[in-house]
Amino acid sequence: MNRARVAALAALLWVGQITVSGAAEPRQPGASPSGIKGIDNRVVADSAIAPWNAIGRISTSTGSYCTGVLIAPDRVATAAHCLWREKTLRWLPVYEISFLAGYRDGKYKERAAIASYFLPNGIVDQQKRGLRKTGDWAILKLRKPINAKIKPIPLADFTQVFWKKTRRKGMSLIQAGYSYDQSEFLTQHAGCSITLFYRDDALMHHNCDATRGDSGSPIMIKRRGKYRLVGLHVATRRFGKTVTSGVAVTGHGLIKGLMSICLLYTSDAADERSSV
């Protein structure tokens, strides 16, 4: 990424130019998780320490929730469909949404109120009166920066070329989220992989174990002891009766979307939802 793009993206995330698979419902007894690829590789993560405390639950007034990840002191990335009311075909107002950083068994490091949020332009399919499959991401702006002890997870410009270089160095993926069948604890799957890139590297298929509630969960790599965000899990796609694949917006796709907001900010390039 050239210096101009880096500077523009930094301004977007840190200075404040942005002002704005399904959500999980309460678990039903006996329900089995979908989106688990073969053996369940999820283990509980310690949400009290970094980087896990930068991951939290997106809590809504509907009683459902998703996962979100802190990408700047006052910015949280998640899946757009988590903020959409299917019954009313409307977006949730900000006062019905909150981010619970480092959530574990009813407790959390910080509960952050939402000031506003931005969505990709054109995400709503007006003819089908629903959401388009592409561009399923949202950026929440917190009312105030989160506790400085909770460090954001930097966003990487993750492409197929980046992934090939990463694999040659022996690195794999780490996904972490709040699955509906283990909703009180953050679980992680380390060692999963990418199976396909498409839509100009904006989307990818992966084999990380992720189910309902994991929507908006980060997919990361650990490089030189530091974690970097390379994608957001947003859905599970089924091939036949038994084969499933996770779908994620890549870091590259997120950056392209954020740059569009930044560069076209005055021309209403994104859809803002605020408390006004």
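Keep in mind that this is a model prediction, so the values were computed, not measured.

**With respect to the side chain of Ser98**
Link 1 in the chain: With respect to the helices and strands, the residue Ser98 is situated in strand E7 (residues 97–101).
Link 2 in the chain: Engagement of the side chain of Ser98 in a polar contact is seen with the side chain of Arg111, the distance being 3.3 Å.
Link 3 in the chain: Residues within four places of Ser98 in sequence aside, it is in contact with Arg57, Ile58, Ser59, Arg111, Ala112 and Ile114.

**Structural notes on a positive patch on the surface**
Link 1 in the chain: A surface patch of like charges, here positive, comprises Lys164, Lys165, Arg168, Lys169 and Arg224.
Link 2 in the chain: By the element assignment, Lys164 lies in helix H2 (residues 160–168).
Link 3 in the chain: With a relative accessible area of 47%, Lys164 lands in the partly exposed category.

**Remarks on the state of the cysteines**
Two cysteines, two sulfur atoms, one covalent bond between them: this is a disulfide.
Link 1 in the chain: Throughout the structure, instances matching the rule amount to 2 disulfides.
Link 2 in the chain: One disulfide bridge connects Cys66 with Cys82, the sulfur atoms lying 2.0 Å from each other. Handedness of the Cys66-Cys82 disulfide follows from its S-S torsion of about -90 degrees: it is left-handed. Here Cys82 lies in the loop between strand E4 (75–78) and strand E5 (84–85) and Cys66 lies in strand E3 (residues 65–72), a separation of 16 residues in the sequence. The two residues Cys66 and Cys82 agree in class, both being buried.
Link 3 in the chain: The side chain of Cys192 participates in a disulfide bridge whose partner is Cys208; the two sulfur atoms lie 2.1 Å from each other.

**Focus: the environment of Pro152**
Link 1 in the chain: Mapped onto the fold, Pro152 is located in the loop between strand E11 (138–142) and H2.
Link 2 in the chain: Expressed as a C-alpha distance, the spacing of Pro152 and Arg228, which sit 76 residues apart in the sequence, is 9.5 Å.

**Topic: the pairing of strand E17 (residues 226–239)**
Where a strand is regular, its side chains alternate between the two sheet faces.
Link 1 in the chain: As paired elements, strand E16 (residues 218–223) and E17 share 6 bridges and run antiparallel to each other. Considered in E17, the bridge of Ile221 is made with Arg228.
Link 2 in the chain: In this structure, the hairpin formed by E16 and E17 is closed by a connection of 2 residues, where Arg224 is found at a positive phi of approximately 55 degrees.

**Side note on unusual backbone geometry**
Link 1 in the chain: Of note, the amide linkage connecting Ala50 to Pro51 takes the cis form, showing an omega dihedral of 0 degrees.
Link 2 in the chain: Along the chain, Pro51 falls in the loop between strand E1 (43–44) and strand E2 (55–60).
Link 3 in the chain: Although it is not a glycine, Leu89 sits at a positive phi angle of roughly 55 degrees.
Link 4 in the chain: Relative to the elements of secondary structure, Leu89 occurs in the loop between E5 and strand E6 (90–91).
Link 5 in the chain: The partly exposed category is assigned to Leu89, whose relative accessible area is 28%.
Link 6 in the chain: Phi is positive for Asp201, close to 65 degrees, though the residue is something other than glycine.
Link 7 in the chain: Counting through the fold element by element, Asp201 comes out in the loop between strand E14 (194–198) and strand E15 (203–206).
Link 8 in the chain: Asp201 gets classed as buried once you look at its relative accessible area, which sits at 18%.

Cut-offs used in this document
Residues numbered from 1 in each chain as written. Predicted model: local features only at pLDDT ≥ 70, side-chain atom pairs only at ≥ 80, totals over all residues. Heavy atoms only, no water. Helix = DSSP H or I, 4+ residues; strand = E, 2+ residues; numbered from the N terminus. Polar contact = N/O pair within 3.5 Å; in protein donor to acceptor, adjacent residues only side chain to side chain. Contact = heavy atoms within 4.5 Å. Patch = residues over 30% accessible without salt bridge, like charges linked within 9 Å, V, L, I, M, F, W, Y side chains within 5 Å. Areas by Shrake-Rupley, 256 points an atom, 1.4 Å probe, with all protein chains shown as cover. Salt bridge = Lys/Arg side-chain N within 4 Å of Asp/Glu carboxyl O. Lys, Arg positive; Asp, Glu negative; His and termini not counted. Charge placed at Lys NZ, Arg CZ, Asp CG, Glu CD. Buried < 20%, exposed > 50% of the residue type's maximum accessible area, 1.4 Å probe, protein only. Disulfide = S-S within 2.5 Å. Pairing = 2+ DSSP bridges.

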